[in-house]
Amino acid sequence: MHTPHFRPLDVERIRKDFPIFATTPPLAFLDNASSTQTPRPVVEAMDAYYNTYRSNIHRGIYRISEEATAQYERAREKVAQLVNAPRTRQIIFTRNTTESINLIAYSWGSTNIQEGDEIVLTVMEHHSNLVPWQLLAQRTGAVLRFIEITDEGLLDFTHFHDLLTEKTKLVAIGHVSNVLGTINPIQSVITAAHAVGAKVIVDAAQSVPHFQVDVQQLDCDFLAFSGHKMCGPTGIGVLYGKLELLEEMPPFLGGGSMIRSVERDVSSYAELPAKFEAGTPSIAEAIGLGHAVDYITQANLAALQVHEQELLKYAHNRLQEIEGITLYGPSSPHQKAGVISFNMEGIHPHDVAGILDTHSIAIRAGHHCAQPLMKRLDVIATARASFYLYNTIEDVDRLYEGLCRTQDLMTRSQRRRVG
Amino acid sequence: MNAYQEDLLDHYENPSNYGTLPNPHISHEEDNPLCGDRIRIDLLVEDDLITEVRFSGHGCTISQAAASMLTEEIEGKSLTEVKKLSRDDILDMIGIPLGPVRLKCALLALKVLKAGAYGITCWPGEEDE
């Protein structure tokens, strides 16, 4: 094994950038797959916009508007570099992953999907990469097909190849499962899909924040992710698309900014990316996202990935010590990102999360916007812990101890009854 | 620190009036789509008086214990009286502070009861909104 060319994460220093961890005991925040915390430099960058150059972009003929425009577009450049987009104008700012996927479903879907066409998804998709396709199928008469998963939570590749036919027009797949943590082999998925002429949209909400994603290497047609899962603010998301596809696509939302000229009955549209950014966008949030990109790339994504792998491996071992716990997803942490879903025998996950909360430990409990996957796993809900660059081994220890206490508390009355 | 009161856990482990009635006068079932908690309440009513009540379903401690406590509260009372039960009455029974999500767990049983008995479909406490 070669020595990695990066320094390990200085987690202690990183944590100082997050005021939310300054309490005693510190918050053990383990719900990062849902939304991450915000470091000072990101908040300060947004404050600077509001306090010193607040104005609309792309129209003001005055200095602070030019500054706002420059900062907004600088954020786009940073995002383009992060995912290695060939051209900056291939980065469209949206509200979030959900809006990015809906944009594709409406715009690309309305001109490329017809009755009888097939859209291939997986049973582990987040609702945001499922419901837009259901709506498109209802509008067009297209058919949804689902790639099954193995009991370990891995994609059933044989089944995927069976589903791929000349009818397949689109494969919509999550890069990393938000419930199981499974890292899907999307490179192979994309190659196979392209071989039958299908396009591929990658829901990268759980991957771009955690490891290097290169859209040119993947050769994906579309890629969507959210700012708020990568140290950025809420209200800003990203859609990447191949240039020729984005240029052919009709607008999604109509309004200001997205036009070239407007007549009474007809308009012509602006060039990319403005064509898909109607109305005043989330300016402060885009600027904040640009600084979030700086923050995680300066910390180093490769080091971040190694750190999360260590936490995941440790958590896997620790949690498996607990009697009556079931972990979902791949048994090998190497096939997973920093997400660990579990259930404790006889205890509802809401009770688990509720009791942990009294010890300042935040985890998620519920269906995680993945109800078809819950059905496949034959559970109503799961508890889920997920990591990011500021989490520590102590966070995992506290989770372990909290779970032991939960078990004590919840089984005490049972024992008393038996005794 | 005790996250859950002993009383709450007792109701969860040994619920009162758990089960169904063969020929209920009123029977209603709902779930909370946020977490999958599900509760059904069956009632026998004679001259406005609730003579028998059963609940069934599954979910977290709060939802099931609240249902158990509610059935104890309403058995033998009149429908007119029971109609007055409010969100705060349930919270008093639960006895621990609840955030907005878990509030729905606690209120599900009362919601099911009010929907079944009076056709009131909103969440308790949101009547005026």
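Residues numbered from 1 in each chain as written. Chains lettered and ligands numbered in written order. Predicted model: local features only at pLDDT ≥ 70, side-chain atom pairs only at ≥ 80, totals over all residues. Heavy atoms only, no water.

J.: Would you mind showing me how to read the overall build of chain A here?
T.: Along its length, chain A carries 14 helices and 15 strands. For chain A, the C-alpha radius of gyration of 22 Å lies close to 22 Å, the compact-globule estimate for 419 residues. Overall, chain A is about 80 × 55 × 45 Å in size when its C-alpha atoms are taken along their principal axes. Looking at the 419 residues of chain A, the share that counts as buried comes to 57%. (Helix = DSSP H or I, 4+ residues; strand = E, 2+ residues; numbered from the N terminus. Rg over C-alpha atoms; globule rule 2.2 N^0.38 Å. Buried < 20%, exposed > 50% of the residue type's maximum accessible area, 1.4 Å probe, protein only.)

J.: Before we go on, may I ask you to explain the overall build of chain B in this structure?
T.: When you go through chain B residue by residue, the secondary structure sums to five helices and three strands. Beginning at the N terminus, the succession of helices and strands in chain B can be written as α-β-β-β-α-α-α-α. Since a compact globule built from 129 residues should have a radius of gyration of about 14 Å, the 14 Å found for chain B is in line with a globular shape. On the principal axes, the C-alpha backbone points of chain B span a range of 45 × 35 × 25 Å. Across the 129 residues that make up chain B, the buried fraction comes to 49%. For chain B, the share of sequence-separated contacts (at least 6 apart) that also reach a separation of at least 24 residues comes to 57%. Carbon and sulfur atoms form 47% of the exposed surface of chain B, whose accessible area is close to 5900 Å². (Contact = heavy atoms within 4.5 Å. Areas by Shrake-Rupley, 256 points an atom, 1.4 Å probe, with all protein chains shown as cover.)

J.: Sorry if this is basic, but what is going on with the interface of chain B and chain A here?
T.: You'll often see interface size given as the accessible area lost when the parts meet. Listed by partner, the interface residues are 23 residues for chain B and 18 residues for chain A. Both faces combined, the contact of chain B with chain A buries some 1600 Å², and carbon together with sulfur accounts for 51% of it. Linking chain B to chain A there are one salt bridge. With its nearest N and O atoms 3.1 Å apart, the salt bridge here joins A:D351 to B:R102. Between the two partners, chain B and chain A, sit four residue pairs in polar contact (both at pLDDT 80 or more). (Buried area = accessible area lost by both parts, 1.4 Å probe. Salt bridge = Lys/Arg side-chain N within 4 Å of Asp/Glu carboxyl O. Polar contact = N/O pair within 3.5 Å; in protein donor to acceptor, adjacent residues only side chain to side chain.)

J.: Is there a simple way to think about the layout of surface pockets in this case?
T.: Gaps left between atoms show up when a probe the size of a water molecule is rolled over them. All names here are of chain A. The computed volume of the second largest pocket comes to approximately 380 Å³. In terms of lining, the second largest pocket is formed by 24 residues, of which the most central are H126, S128, N178, Q206 and K229. The residue inventory of the lining of the second largest pocket, partitioned by class, reads five nonpolar, 14 polar and five charged. Among the domains, domain 1 (11–30 + 300–418) and domain 2 (42–297) are the pair contributing at least three residues each to the lining of the second largest pocket. (1 Å grid on protein atoms, 1.4 Å probe; cavity = no way out; pocket = protein on both sides within 12 Å on 5 of 7 lines; lining within 4 Å. Points joined across faces, edges and corners; volume = space filled by probe spheres on them. Nonpolar A, V, L, I, M, F, W, Y, C, P; charged D, E, K, R; others polar. Domains from an automatic or database assignment.)

J.: Would you explain the pattern of salt bridges in this entry?
T.: It is possible for side chains bearing opposite charge to pair when their charged atoms get close. With the rule as written, the count across this model stands at 24 salt bridges over all chains. With a closest N to O distance of 3.0 Å, A:R74 and A:E77 form a salt bridge. Within this pair, A:R74 and its partner A:E77 are both found in helix 3 (residues 63–83), separated by three residues, close to a single helical turn. For B:R38, the salt bridge identified is with B:D31, shortest N-O distance 3.1 Å. Overall, B:R38 belongs to the partly exposed group, its relative accessible area being 29%. Overlapping salt bridges bring together A:E73, A:R76 and A:E277 as one network.

J.: Would you mind showing me how to read empty space enclosed by the protein here?
T.: All names here are of chain A. By the definition in use, this model includes two cavities of 30 Å³ or more. As for the largest cavity, its lining consists of I183, H210, F211, Q305, E308, Q309, K336, A337 and G338. Tallied by class, the residues present in the lining of the largest cavity amount to three nonpolar, four polar and two charged. Reported here for the second largest cavity is a volume of approximately 40 Å³.

J.: Would you take a moment to explain the domain arrangement of chain A for this structure?
T.: Residue and element names in this part refer to chain A. When the domains of chain A are assigned, the result is domain 1 (11–30 + 300–418) and domain 2 (42–297). Roughly 2600 Å² of surface becomes buried between domain 1 and domain 2 when both sides are summed, with 58% attributable to carbon and sulfur atoms. At the boundary of domain 1 and domain 2, one finds one salt bridge. R376 serves as the salt-bridge partner of D151, at 3.0 Å between the closest nitrogen and oxygen. The tally of links between domain 1 and domain 2 comes to 17 residue pairs in polar contact (both at pLDDT 80 or more). Elements with a minimum of two residues in the side of domain 1 that touches domain 2: helix 11 (301–320), strand 12 (339–344), helix 13 (371–377) and strand 15 (382–386).

J.: Would you mind going over a nonpolar patch on the surface with me for this structure?
T.: Residue and element names in this part refer to chain A. Taken together, the side chains of Y106, V131 and L135 present a nonpolar region at the surface, about 220 Å² in accessible area. Mapped onto the elements of the fold, V131 is located in helix 5 (residues 131–140). With relative accessibility at 36%, the residue V131 sits in the partly exposed group. (Patch = residues over 30% accessible without salt bridge, like charges linked within 9 Å, V, L, I, M, F, W, Y side chains within 5 Å.)

J.: Before we go on, may I ask you to explain the packing of aromatic side chains in this structure?
T.: For any pair of aromatic rings, geometry is given as the distance between the ring centres together with the angle between the planes. As enumerated under the stated definition, the model contains twelve aromatic pairs over all chains in all. Ring plane angle 90° and centroid distance 5.9 Å describe the contact between A:Y388 and A:Y390, whose orientation is recorded as edge-to-face. As far as the burial class goes, A:Y388 and A:Y390 line up, both buried. Taken together through their ring pairs, the aromatic side chains of A:F18, A:F21, A:Y295, A:Y388 and A:Y390 make up a single cluster. Directly above the aromatic system of B:W123 lies the positively charged group of B:K111, at a separation of 5.0 Å from the ring centroid. (Phe/Tyr/Trp six-rings, centres within 6.5 Å; stacked < 30°, edge-to-face > 60°. Lys NZ or Arg CZ within 6 Å of the ring centre and 35° of its normal.)

J.: Sorry if this is basic, but what is going on with helix 2 (residues 61–74) of chain B here?
T.: Because an α-helix completes one turn every 3.6 residues, residues spaced three or four positions apart along the sequence face the same direction. Residues and elements named next belong to chain B. Over its 14 residues, helix 2 extends 20 Å from the first C-alpha to the last, a length consistent with the 20 Å expected when each residue adds 1.5 Å. Most of helix 2 is tucked away: twelve of the 14 residues are buried. Looking only at helix 2, the buried set comprises T61, I62, S63, Q64, A65, A66, A67, S68, M69, L70, T71 and I74. Trailing helix 2 by a residue or two, G76 shows a phi angle of about 90°, which is positive. (Expected span 1.5 Å × (residues − 1).)

J.: Can you walk me through the sheet that holds strand 6 (residues 199–203) of chain A in this structure?
T.: The pairing of strands in a sheet comes from backbone hydrogen bonds and takes either a parallel or an antiparallel form. Residues and elements named next belong to chain A. Strand order in this open sheet of seven strands is 2-8-7-6-5-3-4, and the pairing throughout is mixed. Each having just a single partner strand, strand 2 (91–94) and strand 4 (143–147) make up the two edges of the open sheet. Between one strand and the next, the sheet's axes are offset by a mean angle of 20°, whatever the strand orientation. (Pairing = 2+ DSSP bridges. Axes fitted to C-alpha atoms, helices over the stretch in contact; angles between N-to-C directions.)

J.: Would you mind going over the packing of helix 1 (residues 6–13) of chain B against helix 2 of chain B with me for this structure?
T.: Each pair of packed helices gets described by two things: the angle between the helix axes and the distance between those axes. Residues and elements named next belong to chain B. For the pair helix 1 and helix 2, interaxial distance at closest approach is 8 Å and the crossing angle is 85°. In this view, helix 1 runs roughly perpendicular relative to helix 2, as classed from their interaxial angle. Where helix 1 approaches helix 2, its residues D7, L8, L9, H11 and Y12 are matched on the opposing element by T61, I62, Q64, A65, S68, M69 and E72. Tallied by class, the residues present in the contact of helix 1 with helix 2 amount to six nonpolar, four polar and two charged. (Parallel < 35°, antiparallel > 145°, perpendicular 65-115°, else oblique.)

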